[in-house]
Amino acid sequence: WDNADFSRGVGTTFYQEFSTLNTAKPLFVRDVEAKIRRYLRSSYSAAWTLKITWEKAPAYSARTDTQRTITYQAILTTDGFRSYVLMLYQEGGMRWDYTRLAATNVLIGYT
């Protein structure tokens, strides 16, 4: 999911699970459904959604730079038949100095 380094006590990771099969859907889940409908132009009703947030995450290796942090999320959702992942990044995109990372083949998103 990432190449963040929390070993210096900077940043945190947390998650929130939404099981919405046969229950009222919180605003967050309704927003996820709306994004999927808009971007994919298909009907979608989430049965389960997981939101993972990396907040103020410094890049690996944090011993060289804990000032350039980033907040981003991965949202996994399924209706039981189809599954989707939304990758959301803070305004301004990736703030890590990629020239200082151990790996040189850096991507935002997934392949």
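About the criteria used
Residues numbered from 1 in each chain as written. Predicted model: local features only at pLDDT ≥ 70, side-chain atom pairs only at ≥ 80, totals over all residues. Heavy atoms only, no water. pLDDT = per-residue confidence, 0-100. Helix = DSSP H or I, 4+ residues; strand = E, 2+ residues; numbered from the N terminus. Phe/Tyr/Trp six-rings, centres within 6.5 Å; stacked < 30°, edge-to-face > 60°. Buried < 20%, exposed > 50% of the residue type's maximum accessible area, 1.4 Å probe, protein only. Lys NZ or Arg CZ within 6 Å of the ring centre and 35° of its normal. Salt bridge = Lys/Arg side-chain N within 4 Å of Asp/Glu carboxyl O. Pairing = 2+ DSSP bridges. Axes fitted to C-alpha atoms, helices over the stretch in contact; angles between N-to-C directions. Contact = heavy atoms within 4.5 Å. Expected span 1.5 Å × (residues − 1). Arc of directions from axis to C-beta.

The protein is annotated in an unreviewed UniProt entry as MUC4 protein of Anhinga rufa.

Caption draft 1: Spotlight on the confidence of the model for the protein. The share of residues in the protein with pLDDT of 70 or more is 81%, and the mean pLDDT across the chain is 84. The secondary-structure element of the protein with the lowest mean pLDDT is strand β4 (residues 83-89), recorded at 90, while helix α1 (residues 27-40) shows the highest, at 95.

Caption draft 2: Representation of the packing of aromatic side chains in the model. Using the criterion set out here, one finds four aromatic pairs in the structure. Plain terms: the ring middles of tyrosine 44 and tyrosine 84 are 5.3 Å apart, the flat faces sit at 85 degrees to each other, and that makes the pair edge-to-face. One end of the pair, tyrosine 44, is in the loop between α1 and β2 (48-58); the other, tyrosine 84, is in strand β4, with 40 residues separating them in the sequence. For the residue pair tyrosine 44 and tyrosine 84, the accessibility class agrees, reading buried in each case. Linked through ring pairs, Trp54, Tyr72 and Tyr89 together constitute an aromatic cluster. Seen from the ring of tyrosine 39, arginine 38 lies directly overhead, with NZ or CZ sitting 5.0 Å from the centre.

Caption draft 3: Examining the pattern of salt bridges more closely. Under the defined criterion, the tally for this structure stands at four salt bridges. Put simply, glutamate 33 and arginine 37 hold a salt bridge, and the shortest N to O gap is 3.7 Å. A residue pair is termed a helical-turn pair when its members lie 3 or 4 positions apart in one helix, as glutamate 33 and arginine 37 do in helix α1 at four residues. For arginine 37, a relative accessible area of 38% puts it in the partly exposed group. Arginine 82 serves as the salt-bridge partner of aspartate 79, at 2.9 Å between the closest nitrogen and oxygen. Classification of aspartate 79 as buried rests on a relative accessible area of 17%. Connected via shared salt-bridge partners are Lys25, Glu33 and Arg37.

Caption draft 4: Region of the structure containing the sheet that holds β4. With respect to topology, four strands assemble into an open sheet ordered β1-β2-β3-β4, the strand pairing being antiparallel. Here the strands that pair on one side only, and so sit at the sheet edges, are β1 (12-19) and β4. The mean inter-strand angle of the sheet, taken between neighbouring strand axes irrespective of direction, is 10 degrees. Bridge analysis of strand β3 (residues 69-78) against β4 gives seven bridges, and the strand direction is antiparallel. For leucine 76, the partnering residue across the bridge sits in β4 and is valine 85. Across the sheet, α1 touches β1, β2, β3 and β4, and the angle it forms with β4 is around 100 degrees.

Caption draft 5: Up close: α1. With 14 residues, α1 extends 20 Å between its outermost C-alpha atoms, agreeing within 8% with the 20 Å of an ideal straight helix rising 1.5 Å per residue. Taken together, the buried positions of α1 are Val29, Val32, Glu33, Lys35 and Ile36. Angular distribution of buried residues about the axis of α1 spans 155 degrees; they occupy a single face of the element. Those residues of α1 that are buried lie in contact with β1, β2, β3 and β4. Phi turns positive one or two residues past the end of α1, at arginine 41, with a value near 50 degrees.

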